[in-house]
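So you can see what is in the structure, the chains are spelled out below.
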Amino acid sequence: DAEITQSPRHKITETGRQVTLACHQTWNHNNMFWYRQDLGHGLRLIHYSYGVHDTNKGEVSDGYSVSRSNTEDLPLTLESAASSQTSVYFCASSPDTDREGQFFGPGTRLTVL
Amino acid sequence: GQQVMQIPQYQHVQEGEDFTTYCNSSTTLSNIQWYKQRPGGHPVFLIQLVKSGEVKKQKRLTFQFGEAKKNSSLHITATQTTDVGTYFCAENTGTASKLTFGTGTRLQVTL
């Protein structure tokens, strides 16, 4: 069955370290998204991609970067982790038609000490 | 950044009572989607509304899209403990597949 996975599921790191969160989908979807979820803020879009080599900034992109070298993967990199980036991170993908919505991964809980 | 307003933020009901959450946007929407997130889980797509005044039903859930396409509601009839979770609306203002999520309404159901 097609799926979307994220790794690691939990991560503790220190301020200033570079961290990469993986997202892999086997739906063959062109569209992929990264969100962070914090209490009181719902889901906020970090970066998104509409296809290979395409990346776009979302509303909270500062301190984050993504790259899309193939259809299946959209890794999210925190260049220099900050305590304000402690959050739960969700990756999602969607087909080109909107009717089915976005399919979310299980999430990664990141703690920056 | 712009966020879609949802009310209430939290509601606690007894099993069997009805529940409604409302979503309001300042802009006209191409479509609106609804998601449910169980405690400790990830958001799961429920439905998409596209047409002005559209009403769709999924068993005990009724979704409405406003005539002006600026607001939407989700109504659950006779809640059950399995309805517990946070319900999010997500607006699509026209940019393909890109969504702005509402702040969510957390529903707690007790026996």
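Here's a quick rundown of the structure. Values in this document were obtained by computation on a predicted structure and should not be read as measured data.

**Let's talk about the state of the cysteines**
So, step 1. Under the counting rule described, the total for this entry stands at two disulfides over all chains.
So, step 2. Between the sulfur atoms of Cys23(A) and its disulfide mate Cys91(A) the distance is 1.8 Å. The disulfide joining Cys23(A) to Cys91(A) has a torsion of about -70° about its S-S bond and is therefore left-handed. On the criterion of sequence distance, the pair formed by Cys23(A) in strand E3 (residues 19-25) and Cys91(A) in strand E9 (residues 87-94) is long-range, its members being 68 residues apart.
So, step 3. Classification of Cys91(A) by relative accessible area gives buried; the value is 0%.
So, step 4. For Cys23(B), the disulfide goes to Cys89(B), at an S-S distance of 1.9 Å. One disulfide, between Cys23(B) and Cys89(B), carries an S-S torsion of 70° and so falls in the right-handed class. Taken together, the residues span a long stretch of sequence, with Cys23(B) in strand E3 (residues 19-24) and Cys89(B) in strand E9 (residues 85-92) at a distance of 66 residues.
So, step 5. With relative accessibility at 0%, the residue Cys89(B) sits in the buried group.

**Things to note about the interface of chain A and chain B**
So, step 1. Of the residues lining the interface, 25 residues belong to chain A; the matching set on chain B comes to 22 residues.
So, step 2. Buried surface at the junction of chain A and chain B, summed over both partners, amounts to about 1700 Å²; 51% is from carbon and sulfur atoms.
So, step 3. Scanning the region where chain A abuts chain B turns up zero salt bridges.
So, step 4. Applying the counting criterion to the chain A and chain B interface returns two residue pairs in polar contact (both at pLDDT 80 or more).
So, step 5. Going through the elements one at a time, strand E4 (31-38), strand E5 (42-51) and E9 of chain A are the ones with two or more residues in the side of chain A that touches chain B.

**What about unusual backbone geometry?**
So, step 1. Note the cis peptide between Ser7(A) and Pro8(A), where omega equals -10°.
So, step 2. The residue Pro8(A) is located in the loop between strand E1 (4-7) and strand E2 (10-13) in this model.
So, step 3. Following Ile7(B), the chain continues to Pro8(B) via a peptide bond in cis, the omega torsion being -5°.
So, step 4. With respect to the helices, strands and loops of the structure, Pro8(B) is situated in the loop between strand E1 (5-7) and strand E2 (10-14).
So, step 5. Located in the positive-phi region is Asn28(A), a residue other than glycine, with phi close to 65°.
So, step 6. Mapping Asn28(A) onto the fold places it in the loop between E3 and E4.
So, step 7. On the accessibility criterion, Asn28(A) (57% relative accessible area) is exposed.
So, step 8. A positive phi angle, near 60°, is found at Lys69(B), a position not held by glycine.
So, step 9. Looking at the element boundaries, Lys69(B) is found in the loop between strand E7 (61-65) and strand E8 (71-76).

About the criteria used
- Residues numbered from 1 in each chain as written.
- Chains lettered and ligands numbered in written order.
- Predicted model: local features only at pLDDT ≥ 70, side-chain atom pairs only at ≥ 80, totals over all residues.
- Heavy atoms only, no water.
- Disulfide = S-S within 2.5 Å.
- Helix = DSSP H or I, 4+ residues; strand = E, 2+ residues; numbered from the N terminus.
- Buried < 20%, exposed > 50% of the residue type's maximum accessible area, 1.4 Å probe, protein only.
- Contact = heavy atoms within 4.5 Å.
- Buried area = accessible area lost by both parts, 1.4 Å probe.
- Salt bridge = Lys/Arg side-chain N within 4 Å of Asp/Glu carboxyl O.
- Polar contact = N/O pair within 3.5 Å; in protein donor to acceptor, adjacent residues only side chain to side chain.

That is the geometry; function is a separate question.
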